[in-house]
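Remarks on the overall topology
So the chains spell out like this:
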Amino acid sequence: MFCYPSVKALVYHRWAHKHYKKKRYTLARIISQRARHKTGIEIHPGAKIGKNLFIDHGMGVVIGETAEIGDNVTIYHGGVTLGGELEESLIKSDIQQWKMM
C-alpha cells in the first residue's frame, strides 16, 4: 500500500493543507510542489479531499484549488484534471472515476 504514489501524495497534501488553512500559503505550495516532483500527482493545498481517496495510476493527475472530493473515492488512470469550473470540480462520496484512454 505504501508503494503507491497516491498515498505519498495524500500525506503531503494533508500536511500542506494544514499550512494552507493557517494562511502559510508559500510553505503549503512548497510542500505540494515537492509532492508533485516525487509522485507525479499535483494536488493544490486548498483542495478539499475527504477520507479514503485512492488514485490508481496517478501520473498526470491534477487536483486544483476549487476541487472538492468526498469520502471513499477512487480515481483510475492518469491525465485527470479536477478544478477550475465549479460544476466539474465536485466528486461526491462513494464514487469511482476513470478516464477513458
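Please read these numbers as outputs of a predicted model, since none were measured by experiment.

**Some words on empty space enclosed by the protein**
Taken as a whole and assessed by the stated rule, the structure comprises one cavity of 30 Å³ or more. Counted as a void, the largest cavity has a volume near 30 Å³. Residue lining of the largest cavity: Ala9, Tyr12, His13, Ser32, Ala35, Ile41 and Ile43, and that is the complete set. When contributions to the lining of the largest cavity are tallied by element, the ones reaching two or more residues are helix 1 (5–21) and helix 2 (25–39). Of all the elements, helix 1 adds the most residues to the lining of the largest cavity, at three residues. Among the residues forming the lining of the largest cavity, the class breakdown is five nonpolar, two polar and no charged.

**Examining the sheet that holds strand 7 (residues 81–82)**
The three strands lie next to each other as 1-4-7, forming an open sheet whose pairing is parallel. Every interior strand has two partners, whereas the edge strands, strand 1 (42–43) and strand 7, have only one. Looking at chain direction, strand 4 (residues 62–63) and strand 7 are connected through two bridges and run parallel. Pairing of Val62 across the sheet is with Thr81, part of strand 7.

**Considerations on the packing of aromatic side chains**
What the rule picks out here adds up to two aromatic pairs. Ring plane angle 65° and centroid distance 5.0 Å describe the contact between Tyr20 and Tyr25, whose orientation is recorded as edge-to-face. Look at Tyr25 and you get partly exposed, because its relative accessible area is 41%.

Scoring rules and cut-offs
Residues numbered from 1 in each chain as written. Predicted model: local features only at pLDDT ≥ 70, side-chain atom pairs only at ≥ 80, totals over all residues. Heavy atoms only, no water. 1 Å grid on protein atoms, 1.4 Å probe; cavity = no way out; pocket = protein on both sides within 12 Å on 5 of 7 lines; lining within 4 Å. Points joined across faces, edges and corners; volume = space filled by probe spheres on them. Helix = DSSP H or I, 4+ residues; strand = E, 2+ residues; numbered from the N terminus. Nonpolar A, V, L, I, M, F, W, Y, C, P; charged D, E, K, R; others polar. Pairing = 2+ DSSP bridges. Phe/Tyr/Trp six-rings, centres within 6.5 Å; stacked < 30°, edge-to-face > 60°. Buried < 20%, exposed > 50% of the residue type's maximum accessible area, 1.4 Å probe, protein only.

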